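Residues per chain, in single letters:
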Amino acid sequence: FIGQNAGATFPHYPVMSGDVLALSSKYEIQALPTPGHTPGCVTWLVVDRTTHKAIKAFTGDTLFVGGIGRPDLVASVIPDLTPEILSHSMYDSLYNKIVKLPDKCQVLPAHGPGSPCGKGISADLSSTIGKEKKTNPALQFKKEEDFIKWNTTGLDTAPQYFPNAVLSNIAGAEDVSVEVGNIQILNADEFEAKMAETNTVLLDTRDADKFATGYVPGSINIPLGHSNGVHLDYADGNMAIWTGTLIPVDSNILIVADPAQEQESIERLSRIGYGAHIKGVLKFGIQAWKDSNKPVETFEKVQVVNAQTITEVKEQGKVFIDTRTPGEYTCPVRGHVIDAVNLPLNHIYELLGDLDKSKKYVVYCLGGFRSAIATSILRSKGFDAVDIIDGYDHGVLLNAKEATTAHVDATKKRRRFFRKKQEKEATVSPFV
């Protein structure tokens with residue numbers, strides 16, 4: 001079941017407005033086309049057949065909690081579908097369809113925080129129409145032209161795999177199970193031989209802490225996450241999305257994974273169209289590599305105990321790198337380590353030239369996921385880099401806030417408050 005305007009060329013049922021799937025005498029699913037992210041987006045409504053009201057809305061890539069689907073991803077393949085044109089469709093979908101659903105209708109989007117398919121997505125995985133009408137920035141506009149301007153401004157660079165994903169959505173993707181079955185399982189010697197081939201990228205999907213205790217030199221660490229990717233813990237991120245953002249689509253990928261997570265690693269990459277580029281998986285993981293006496297590199301992460309830790313690191317001549325987005329870096333509430341260099345992860349390769357290989361770097365992000373990736377990339381390029389345990393929130397802000405601009409900003413606010421208070425008291429007559 002695919003939206004009739006999706007342009008799909010493989011066998012499918014073209015979904016139109018009002019199409020219904022009867023589940024029982026009580027409930028049915030109704031199709032509500034909501035183009036904007038793509039021309040074929042459909043919101044699926046679970047409708048109570050007795051009241052004829054929608055109780056749940058599976059909003060896909062149209063409405064997220066706190067955000068909406070970005071309008072600029074299709075143009076890379078279909079130039080006529082500009083962000084402005086799709087924003088016009090999105091406005092119609094939101095203001096003439098979505099907001100007219102019952103306020104109590106539950107919103108269940110296709111993506112959560114960290115997804116590049118939207119901006120400003122909340123950490124909450126569900127919401128209600130009523131709540132989104134009050135809090136979602138995209139639903140606060142009175143004029144369409146103002147909405148379009150907002151929706152086409154400030155978009156992050158789209159991951160490089162998106163054009164391939166768009167084409168797969170149109171032409172159909174390969175069967176993931178077939179791709180998984182075709183991947184070669186390589187012993188240490190075979191794996192090492194493959195490493196010498198051109199355009200090869202070593203991808204280590206193990207936990208960042210395990211990676212630091214021993215990894216194949218030159219590897220990039222993009223952790224799969226705990227529970228085989230079934231859910232994301234605080235320090236986890238989206239392995240597939242960051243792979244698609246940082247590793248070129250034409251790369252030959254060799255995977256090092258925990259033995260229990262090999263298949264999950266392959267499947268996740270296959271879902272973004274990278275399955276055909278996986279040239280092998282290291283049999284029995286890093287332990288097999290070590291047992292074969294192959295070279296291994298290690299590094300120690302930095303534990304921030306208090307502000308003195310930050311001071312000592314700086315006194316050693318080391319430079320802090322903040323891999324969060326510019327918006328996160330400049331946020332007055334959280335702030336950043338004083339004098340830290342902002343090197344957003346999605347632009348890391350472009351900005352490597354700004355770094356000095358004679359210096360040592362300490363890397364951090366919000367929770368530790370992005371910094372783990374960045375540290376591995378820096379080390380693969382010959383930089384001396386380590387990252388912080390527990391990330392910025394739990395590692396720095398919790399233990400060394402006075403070493404951050406969050407502390408400085410708070411101090412400035414307090415000073416301004418008392419200065420204004422004193423000025424006010426000085427101008428008020430003592431006889432009033």
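Here is what the cut-offs are and how they apply
Residues numbered from 1 in each chain as written. Predicted model: local features only at pLDDT ≥ 70, side-chain atom pairs only at ≥ 80, totals over all residues. Heavy atoms only, no water. Phe/Tyr/Trp six-rings, centres within 6.5 Å; stacked < 30°, edge-to-face > 60°. Helix = DSSP H or I, 4+ residues; strand = E, 2+ residues; numbered from the N terminus. Buried < 20%, exposed > 50% of the residue type's maximum accessible area, 1.4 Å probe, protein only. Lys NZ or Arg CZ within 6 Å of the ring centre and 35° of its normal. Salt bridge = Lys/Arg side-chain N within 4 Å of Asp/Glu carboxyl O. Contact = heavy atoms within 4.5 Å. Pairing = 2+ DSSP bridges.

A. The packing of aromatic side chains, seen in detail. Per the stated rule, a full pass over the model turns up 14 aromatic pairs. Ring geometry for Y361 against F383: centres 6.3 Å apart, planes inclined by 70°, an arrangement best described as edge-to-face. Linking Y361 in strand β18 (residues 360-364) with F383 in the loop between α14 (369-380) and β19 (384-387), this pair joins segments that are 22 residues apart in sequence. Given the relative accessible area of 5%, Y361 is considered buried. Among the aromatic residues, those joined into a ring-pair cluster are Y91, Y95, F141, F147 and W150. The ring of F383 has K357 sitting right over it, with the charged end atom 5.4 Å from the ring centre.

B. Examining the pattern of salt bridges more closely. Applying the stated criterion across every chain yields a total of 15 salt bridges. Across the pair R49 and E28 runs a salt bridge whose closest N-O atoms are separated by 3.2 Å. In this pair, R49 is assigned in the loop between β5 (42-48) and β6 (53-60) and E28 in strand β4 (residues 27-33), connecting sequence segments 21 residues apart. Between R370 and E328 there is a salt bridge, and its shortest N-O distance comes to 2.8 Å. Here E328 lies in helix α12 (residues 326-329) and R370 lies in helix α14, a separation of 42 residues in the sequence.

C. The arrangement of the environment of F58 in detail. Looking at the element boundaries, F58 is found in strand β6. Taking relative accessible area as the criterion, F58 reaches 38% and is therefore assigned partly exposed. When the C-alpha atoms of F58 and V99 are compared, they prove to be 14 Å apart, with 41 residues separating the residues in sequence. Contacts of F58, omitting those with residues within four sequence positions, involve V42, T43, W44, V46 and L108.

D. Representation of the sheet that holds strand β14 (residues 252-256). What the 5 strands build is an open sheet, ordered β11-β15-β14-β12-β13; its pairing is parallel. The open sheet has two edge strands, β11 (185-186) and β13 (220-221), and neither has a second partner.

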